[in-house]
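# Overview (structure and organization)
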Amino acid sequence: RDLHSFPTRRSSDLNAAQKAVSSAQDTADKYAPELSKAAQDALQSAKDALAKTDYQGALEAAKEAVKKASEAISTTASRKEQWSKDWKNLSASVPRTLDEAKARLDAYTKKGKLPPGVTSDQMAEAQAQYEKLKQAWADANAAYQKGNVADAIKRAGWVQESIQKLKELLGIKS
């Protein structure tokens, strides 16, 4: 009797692992995709082991899937909090810095005078760089609005780094 119930218990463990992985998957895919994938891989290993009647392997892989799903949930919570703070800071600083760069570019254009040591080609490149940064910031905002926070943070970080070079060229002190 115990021998016949063994596969049923393993299947039950597998179902519990499936529930754990599924509950973690949606948000973990956004905030901790590497851990979500590890949980899914462990779940698949459990399914494969069960299909081969390797009940001990299925149990171990199911436990690993639950563990990975738990790690994904935990990491997701901390990353979500951190990335929200990062986005709030970027949302405050990047537009302000872009506005500052635009004002400086407009001032140079209006006066017809270039900053010391800057050629007209460099100024044209600065204007092109500003437009590129403005578009990249719009793309970061669009990614954030769509819920793709990781991509938004990455794009915004690139804008923030790149804008520093533009500020230096335009003589804007940080």
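Before reading further, recall that the structure is shown in the block above.
Residues numbered from 1 in each chain as written. Predicted model: local features only at pLDDT ≥ 70, side-chain atom pairs only at ≥ 80, totals over all residues. Heavy atoms only, no water.

It is worth spelling out the packing of aromatic side chains at this point. Within this structure, the stated rule accounts for three aromatic pairs. Plain terms: the ring middles of W87 and W137 are 5.3 Å apart, the flat faces sit at 15 degrees to each other, and that makes the pair stacked. Pair noted here: W87 is in helix α3 (residues 55-111) and W137 is in helix α4 (residues 120-145), with a separation of 50 residues, a long-range link. W137 carries the same exposure label as W87, and that label is buried. Centroid distance W87 to Y144: 4.5 Å. Interplanar angle 5 degrees. Geometry classified as stacked. On the criterion of sequence distance, the pair formed by W87 in helix α3 and Y144 in helix α4 is long-range, its members being 57 residues apart. On the basis of relative accessibility, which here comes to 6%, the residue W87 falls in the buried class. Site record: aromatic cluster; members linked through ring pairs are W87, W137 and Y144. (Phe/Tyr/Trp six-rings, centres within 6.5 Å; stacked < 30°, edge-to-face > 60°. Helix = DSSP H or I, 4+ residues; strand = E, 2+ residues; numbered from the N terminus. Buried < 20%, exposed > 50% of the residue type's maximum accessible area, 1.4 Å probe, protein only.)

A few words now on unusual backbone geometry. A positive phi angle is found at T53, which is not glycine, with a value near 55 degrees. Tracing the backbone shows T53 in the loop between α2 (33-51) and α3.

A word on the nonpolar core. Counting 27 residues, the largest nonpolar core has W87, L98, M123, W137, L166 and L170 as its most contacted members. Elements with a contribution of two residues or more to this core: α3, α4 and α5 (149-169). Counting 16 residues, the second largest nonpolar core, distinct from the first, contains L14, A20, A24 and A61. (Core = buried A, V, L, I, M, F, W, Y, C linked by side-chain atoms within 4.5 Å.)

What follows is about the packing of α4 against α5. Two elements in contact, α4 and α5, have axes whose closest approach is 9 Å; the angle formed by their N-to-C orientations is 160 degrees. Regarding the angle of α4 to α5, the classification is roughly antiparallel. The way α4 lies across α5 gives a crossing that is left-handed. Residue-level contacts link Q122, A126, Q129, Y130, K132, L133, A136, W137, D139, A140, A143 and Y144 of α4 to V149, D151, A152, R155, A156, W158, V159, S162, I163, L166 and L169 of α5. Tallied by class, residues from the contact of α4 with α5 come to 16 nonpolar, three polar and four charged. (Axes fitted to C-alpha atoms, helices over the stretch in contact; angles between N-to-C directions. Parallel < 35°, antiparallel > 145°, perpendicular 65-115°, else oblique. Left-handed = near helix turned anticlockwise from the far one by under 90°. Contact = heavy atoms within 4.5 Å. Nonpolar A, V, L, I, M, F, W, Y, C, P; charged D, E, K, R; others polar.)

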